Amino acid sequence: MPATLPPAETLADAPAPLVEVRGLRTRIGNKMIFDGLDLEVARGSVTAIMGPSGTGKTTLLRHLTGQLQADAGSVRVDGEDVATLSRRALFSLRERIGFLFQNSALLTDFSVFENVAFPLRQHTRLPEELLRNIVLTKLQAVGLRGAAQLMPSELSGGMARRVALARAIVFDPMLILYDEPFVGLDPIALNQVLRLIRTLNHTLGITSILVAHELAAIRLVADRVFLIANGKLVAQGAPDELAHQDSPWTRQFFGGEADGPVPFHYPAPDYAVQLGFGGTAE
Amino acid sequence: MNARLRDNWLLDGIARVGECGLFFVAVLGALPKSLRYWRELFRQVWFVGAMSLVIVMTCGLFVGMVLALQLYYTLSIFGGTAALGTVVALSLFRELGPVVTALLVAGRAGTAVTAEIGLMRATDQLDAMSMMAVDPLAYVASPRFLAGVIAMPLLACVFNAMGIFGGHLVGVSWLGLDNGTFWGNMTSTVDLHKDILAGLYKSIVFGGVVSLIAVFQGYTAPPTSEGVAYSTTRTVVFSSIVTLAFDFVMTAFLT
């Protein structure tokens, strides 16, 4: 196993944050995604990252795993500066991170069992029987031991996400990144995923970072919320605390107001001018 | 890639060729590691090779039959129909076998490889592998590339054999050429090195070219349905053009 974790209690007390982002700047094409973003994620916590669509929440997750390089600033995960890691060191770091893709990203050629077994088969030489037991344990944890022989095409969206979660935890990672884990789930599946995130955090002490929009779900599961907008961190705190904070950003975001710091209108030339009333039309 | 470069289709094309070259180097670099995934390589050789057998055998048969029919007519003008077996075999070994097989494989297996990898990209499967610390170049790209290099010459041999069989069917069974003349002239004229092996070298190179283009197009396909469709088309177009261009160059050097 690549990572051995001390019990959850000691992790929560540990002072050094697991994830530390300092002065992150990223530009994709002509768009500034991050403009000096700073944040810290404590070990053993469940942290939600929220923000209007297109603010680069998924991009942030890709920075944490070294899939994307920043233009400036630093991203440290478990004390290691992700940008300076060699390919081998980066892959070894990734073995300690589980990543739950929004569309589950199960390998379509393999059954559920083989999908969960895939990382084990690639990185270990475990005897078949032990491997089988590990995979079945993980599938049991997500309630899908009975679906082990199904193919990904036979799964519902919620089941696929739970299989992806089983695959993400097969190495008992220190950190799981969830990219929009609640999108497209019916209320039952949503609650199942919520419960899993909480259980993994409690029982295994896994630090979780989730990118999501669902306020109600986040209030149930997250210890801390970071609100990102315009490339910066605009608010942070416990979910309930943030919901009552009186800043234009939190008011608009948590109140679900259509207009505010995030404008309703996409930037456009002057309306009257464009319609031909007064001045010259574009 | 900066925006100005993208506006010019010529520069854009040259840049893509450069990207493909770099990709080729990366695929070669990942080859040693990809040998660990030998099961995947077997699966791909099966897919590119065995699954293309039907189309390659059928086309080989008909190409050989047409060839014999056309050449019989031409040769009869000069009273040289006895050379039919030789000419059919030489045309197949030296030219038609490698080239037509490459075009068929590009259409059947190349497009499937592009679409498969393109969809794996679009559904984040490649990213997921990379997140599980498995290099997608070694696990996905290199085995598919190597499978093409292995399967293509084998398929070309099958194509040639079926072609000669088709030629024999038309020449001997239908048009009444003497069986001994057909085989005798062929075996005494066709040279192992200059004809058979030269054709085999060609098809190894074509195998590399076609599978490299298919894998590259899939790997760099925009992650949309339109992007994957467009890349699949480009696989056939580029494979065909490059195969025929390489054929000319290699023929010039090998003869």
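Residues numbered from 1 in each chain as written. Chains lettered and ligands numbered in written order. Predicted model: local features only at pLDDT ≥ 70, side-chain atom pairs only at ≥ 80, totals over all residues.

## Remarks on the overall build of chain B
Across its full length, chain B holds 10 helices and zero strands. Element order for chain B, N to C, with α for helix and β for strand: α-α-α-α-α-α-α-α-α-α. Across its three principal axes, chain B shows a C-alpha extent of roughly 65 × 40 × 30 Å. Put simply, chain B has 255 residues, and 44% of those count as buried. (Helix = DSSP H or I, 4+ residues; strand = E, 2+ residues; numbered from the N terminus. Buried ≥ 20, exposed ≤ 12 C-beta atoms within 10 Å, placed from the backbone.)

## Observations concerning the overall build of chain A
Helix and strand content of chain A: 11 helices and 10 strands. In terms of overall size, chain A behaves like a compact globule, its C-alpha atoms giving a radius of gyration of 21 Å where 282 residues would be expected to give roughly 19 Å. Over its C-alpha atoms, taken along the principal directions, chain A stretches across nearly 80 × 40 × 35 Å. Residue burial in chain A is summarised as follows: out of 282 residues, 37% are buried. Intrachain contacts of chain A at a sequence separation of at least 6 include 64% that bridge at least 24 residues. (Rg over C-alpha atoms; globule rule 2.2 N^0.38 Å. Contact = placed C-beta atoms within 7 Å.)

## With respect to the sheet that holds strand E1 (residues 19-28) of chain A
As summarised here, the arrangement of the four strands in space is E2-E1-E4-E5 (chain A), forming an open sheet in which the pairing is antiparallel. Both edges of this open sheet fall to strand E2 (31-41) and strand E5 (80-81) of chain A, since each of them pairs with a single strand only. (Pairing = 2+ DSSP bridges.)

## Comments concerning the nonpolar core
Among the nonpolar cores identified, the biggest contains 138 residues, and Leu177(A) and Val215(B) are the most heavily contacted of them. Looking at this core, the element that brings in the most residues is helix H7 (residues 136-174) of chain B, giving 18 residues. Setting aside chain neighbours within four positions, we find Leu177(A) in contact with Leu61(A), Leu64(A), Thr65(A), Ile97(A), Phe99(A), Leu100(A) and Ile209(A). (Core = buried A, V, L, I, M, F, W, Y, C linked by C-beta atoms within 7 Å.)

## Describing the sheet that holds strand E3 (residues 46-50) of chain A
Residue and element names in this part refer to chain A. Strand order in the open sheet made by the six strands is E6-E7-E8-E3-E9-E10, with mixed pairing throughout. Bordering the open sheet on either side are strand E6 (97-100) and strand E10 (232-237), each of which pairs with just one other strand. Within this sheet the neighbouring strands show an average axis-to-axis angle of 15°, counted without direction. Note: E6 against strand E7 (residues 175-179), four bridges, orientation parallel. Within E7, the residue paired with Leu100 across the bridge is Tyr178. Strand contacts of helix H10 (residues 248-255): E3, strand E9 (224-229) and E10, with the helix running at about 105° to E9, the strand carrying the most contacts. (Axes fitted to C-alpha atoms, helices over the stretch in contact; angles between N-to-C directions.)

## Some details on the pairing of E1(A)
Residues and elements named next belong to chain A. Sheet topology places E1 next to E2; eight bridges connect them, and they run antiparallel. Its bridge partner lying in E2, Leu24 is registered against Leu37. Linking two consecutive strands that pair antiparallel, namely E1 and E2, is a turn of two residues; a positive phi of about 65° is found at Gly29 within it. Both E1 and strand E4 (residues 72-77) contribute to a ladder of five bridges, which runs antiparallel.

## Some thoughts on the interface of chain B and chain A
Counting from both sides, the interface comprises 10 residues of chain B and, opposite them, 14 residues of chain A. When its residues are assigned to classes, the side of chain B that touches chain A shows five nonpolar, three polar and two charged. (Nonpolar A, V, L, I, M, F, W, Y, C, P; charged D, E, K, R; others polar.)

## Regarding the packing of helix H5 (residues 84-122) of chain B against helix H8 (residues 179-189) of chain B
Residues and elements named next belong to chain B. The interhelical angle for the contact between H5 and H8, taken along N-to-C directions, is 50°, at an axis separation of 7 Å. With respect to H8, the axis of H5 lies oblique. Two packed elements cross with a definite hand, and for H5 against H8 that hand is right-handed. Where H5 approaches H8, its residues Leu84, Gly85, Thr86 and Ala89 are matched on the opposing element by Phe182, Trp183, Asn185, Met186 and Thr189. (Parallel < 35°, antiparallel > 145°, perpendicular 65-115°, else oblique. Left-handed = near helix turned anticlockwise from the far one by under 90°.)

## Observations concerning helix H10 (residues 225-254) of chain B
Residues and elements named next belong to chain B. With 30 residues, H10 ought to run about 44 Å at 1.5 Å a step, and its terminal C-alpha atoms sit 42 Å apart, in line with that. The complete set of buried residues in H10 reads Val228, Ser231, Thr232, Thr235, Phe238, Ser239 and Thr243. Packed against the buried residues of H10 are H5 and helix H9 (192-219). (Expected span 1.5 Å × (residues − 1).)

## Details of the confidence of the model for chain B
Residues and elements named next belong to chain B. Residues with a pLDDT of 70 or more make up 97% of chain B, whose mean pLDDT is 93. Here helix H1 (residues 3-7) stands out as the least confident element of chain B, with mean pLDDT 55; H7 is the most confident, with 96. Predicted as a complex, the structure gets a pTM of 0.84 and an ipTM equal to 0.78. (pLDDT = per-residue confidence, 0-100.)

## Section: the environment of Thr181(B)
Residues and elements named next belong to chain B. Among the structural elements, Thr181 can be located in helix H8. What makes Thr181 partly exposed here is the crowd of 17 C-beta atoms within 10 Å. Distance in space between the C-alpha atoms of Thr181 and Leu31 is 48 Å, their sequence separation being 150 residues.

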